[in-house]
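# Topology and contacts: notes
Chain by chain, the residues run as shown.
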Number of protein chains: 2
Amino acid sequence: MKPTIRDVAKMAEVSISTVSRVMNSPESVIESKRARVLEAIEKLQYQPNSFARGLIYKKSFTLGLLIPDIENFYYTGIIRGMQDACIKLGYSLMICNTDRDKNRLLAYIDAFHEKQVDGIVFASDVMFPEYYEKLVRCKIPFVLLSTHSDEFEVPCVEIDDEEAAYDAVKFLIDLGHRDIGMIGFNHENSISGPPRYQGFIRALEEAGLEHNREKIRYATHRFEHAYHAAHELFTDYPDTTAVFCVADEFAMGVISYLKDRNILVPGQVSVVGFDNLRIANMFIPKLTTIAQPMYEMGCRAAEKLHELVTTGSVEVLREKMEHKLIVRESSRQR
Amino acid sequence: MKPTIRDVAKMAEVSISTVSRVMNSPESVIESKRARVLEAIEKLQYQPNSFARGLIYKKSFTLGLLIPDIENFYYTGIIRGMQDACIKLGYSLMICNTDRDKNRLLAYIDAFHEKQVDGIVFASDVMFPEYYEKLVRCKIPFVLLSTHSDEFEVPCVEIDDEEAAYDAVKFLIDLGHRDIGMIGFNHENSISGPPRYQGFIRALEEAGLEHNREKIRYATHRFEHAYHAAHELFTDYPDTTAVFCVADEFAMGVISYLKDRNILVPGQVSVVGFDNLRIANMFIPKLTTIAQPMYEMGCRAAEKLHELVTTGSVEVLREKMEHKLIVRESSRQR
């Protein structure tokens, strides 16, 4: 016969609610009682039943993570950070991949609702009103990661995209480049697209290089799209000597295109990426890039969600993490 | 007031057990009753409570996936396939990352047990007796993916590693290479290490090239390790003209090493990888490699686990998927 919470309470000579407090907020129980309860749990090899616990406390001790594309290298670092934080906080992490599909995403919110997750981290996609309304209707607390909402008051963790893009372009200008292109995210479906574009423009204006403002082509997330965008950019502006890419995968696509055209990187063209994925340090040439602290962002998102779930609010609504320029082999003095 | 299963049964004029059968095995309910139940569910906006359902049916409609390293590109394709199959089969997928840490893995089995997952897919790690015994003790059905067990009778989905390695090395021999090295997985902690080594040896023996059998160096999963292994290999055997790598990440490490030594790939040395990760087609040069059907393997593992969970057994204990040699730019005629 499996031991129950009653057996633990009896052996420890405390009430059932004290046992449950020891399991859920041990700091609220005085030391002597807590020690007796832990001893009883140990002796009886008591294992709380999560279904029963869910019914009693309306908590599942599970957090959900919605990511748009599991095959995008960007998310692996984030998942790792979030998972490590979850382990520390006593949560399981349930990851779902939406494929940027609105209906699938809405269906996942339903699934999370049915599983009664305690909260959701919503990563780097646009927070459309349908999503927001559904989450609110389901009463699931949520936090945005690598995205934010101008329309709604939702806690978020992200970097300063405008500043980061500015830093990358300023770096190219400081290297002596005067003909600079950009491979950006399509604006309509992207949260980080517009601010990164703004950062590009600000750096150009500051240096009196406004003639570059048209040298921007757009791509949608993948290597192949960036390859084609590079083809367009260099067909229209063959004198371009530097390209700022809003993703490392785009930088790889641009470098591959240039390689196929026998244009040397960094000999003839400098390329700067964004993210500092693990692959940025393996690629040939190794990528100069803007590092996002992906692991730490994953951790912070989990912690922030925990704060929201347990206290009902967060101290800092919009949290900005530090980015950093990492100089490697794909850029050179002009 | 939220509608209950009782409300649904009353409106549809059927028993509660009929409603539950419609939700769990609709094919067992005659068409007319089923339609009435579905209509009532729709009208009442009835949402079954998964905790309550878990308590009644002892099912959580969740599968667990244990992977050793979320940052390894190999798993993203697998996760995607497994998740798509889960959606079709009506399961949620809970992914946990073990970091190849025995204690963490054992703790995750506990967590899955507590969450009462219906089954676990255990991916590409050694099935140590501690794991096996714990899973059996917890009565959790499980399936191995990209690994197998010689000791225990456990269903698995994998490729024929010996044959795949043989094909890769045979390909290099057919290109005219006579001095062939290998970067392999350490044997003690690897399931695919020994058979891939055997495939290498078989191809050498068949071609009378046994003098290469010592030209093998080992690495542990990451790019940096393969870089160092390549340094050892080429220091000891500078005449090597081809290298078979048991992972694409190793091939990238070897090519980076050769690049740093100004040795051309494929001009002077051909390199063949293994896996056909998404990055294999982005790297410079694009990798010739053995493709594993990762997406399909993820799907099959989920389906096999579903078969095991619902019927208590599987038709085929050890399922072999097809591998395929993909020739790209990193290999050339000698």
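Residues numbered from 1 in each chain as written. Chains lettered and ligands numbered in written order. Predicted model: local features only at pLDDT ≥ 70, side-chain atom pairs only at ≥ 80, totals over all residues. Heavy atoms only, no water.

### Comments concerning the sheet that holds strand β10 (residues 288-291) of chain A
Residue and element names in this part refer to chain A.
- Read across the open sheet, the six strands follow the order β7-β6-β8-β9-β10-β12; overall the sheet is mixed. Of all the strands in the sheet, the pair left with one neighbour each is β7 (216-219) and β12 (324-326). Averaged over all pairs of adjacent strands, the angle between strand axes in this sheet comes to 20 degrees, irrespective of strand direction.
- Note that strand β6 (residues 180-185) and β7 share four bridges and pair parallel. In the sheet register, Ile-183 faces β7, and the bridge partner there is Arg-217. (Pairing = 2+ DSSP bridges. Helix = DSSP H or I, 4+ residues; strand = E, 2+ residues; numbered from the N terminus. Axes fitted to C-alpha atoms, helices over the stretch in contact; angles between N-to-C directions.)

### Some remarks on the pattern of salt bridges
- Scanning the model with the defined rule gives 46 salt bridges over all chains in all.
- The residue Arg-104 of chain B makes a salt bridge to Asp-84 of chain A at a minimum N-O spacing of 3.3 Å. Here Asp-84 of chain A lies in helix α5 (residues 74-89) and Arg-104 of chain B lies in helix α6 (residues 102-115), a pairing that spans two chains.
- When its relative accessible area of 23% is taken as the criterion, Arg-104 of chain B is described as partly exposed.
- Of the charged contacts, one joins Lys-43 of chain B and Glu-39 of chain B as a salt bridge, the two residues approaching to 3.4 Å between their closest N and O atoms. With Lys-43 of chain B and Glu-39 of chain B both in helix α3 (residues 31-44) and four residues apart, the pair spans about one turn of that helix.
- Note on Lys-43 of chain B: relative accessible area 58%, which makes it exposed.
- Linked through salt bridges whose partners overlap, the residues forming this network are Glu-71, Asp-99 and Arg-104 of chain A together with Arg-80 and Asp-84 of chain B. (Salt bridge = Lys/Arg side-chain N within 4 Å of Asp/Glu carboxyl O. Buried < 20%, exposed > 50% of the residue type's maximum accessible area, 1.4 Å probe, protein only.)

### As for the sheet that holds strand β4 (residues 142-145) of chain A
Residue and element names in this part refer to chain A.
- A sheet is described by the order of its strands in space; here six strands give the open sequence β2-β1-β3-β4-β5-β11, paired in parallel fashion. Edge positions in the sheet fall to β2 (92-97) and β11 (318-321), since each has one partner strand and no second. Averaged over all pairs of adjacent strands, the angle between strand axes in this sheet comes to 20 degrees, irrespective of strand direction.
- Relative to β4, strand β3 (residues 119-123) is paired through four bridges, and the arrangement is parallel. Looking at the pairing, Ala-123 lines up with Leu-145 of β4.
- On top of the sheet, α5 reaches β1 (62-67), β2, β3 and β4; it is set at about 170 degrees to β1, its chief contact. (Contact = heavy atoms within 4.5 Å.)

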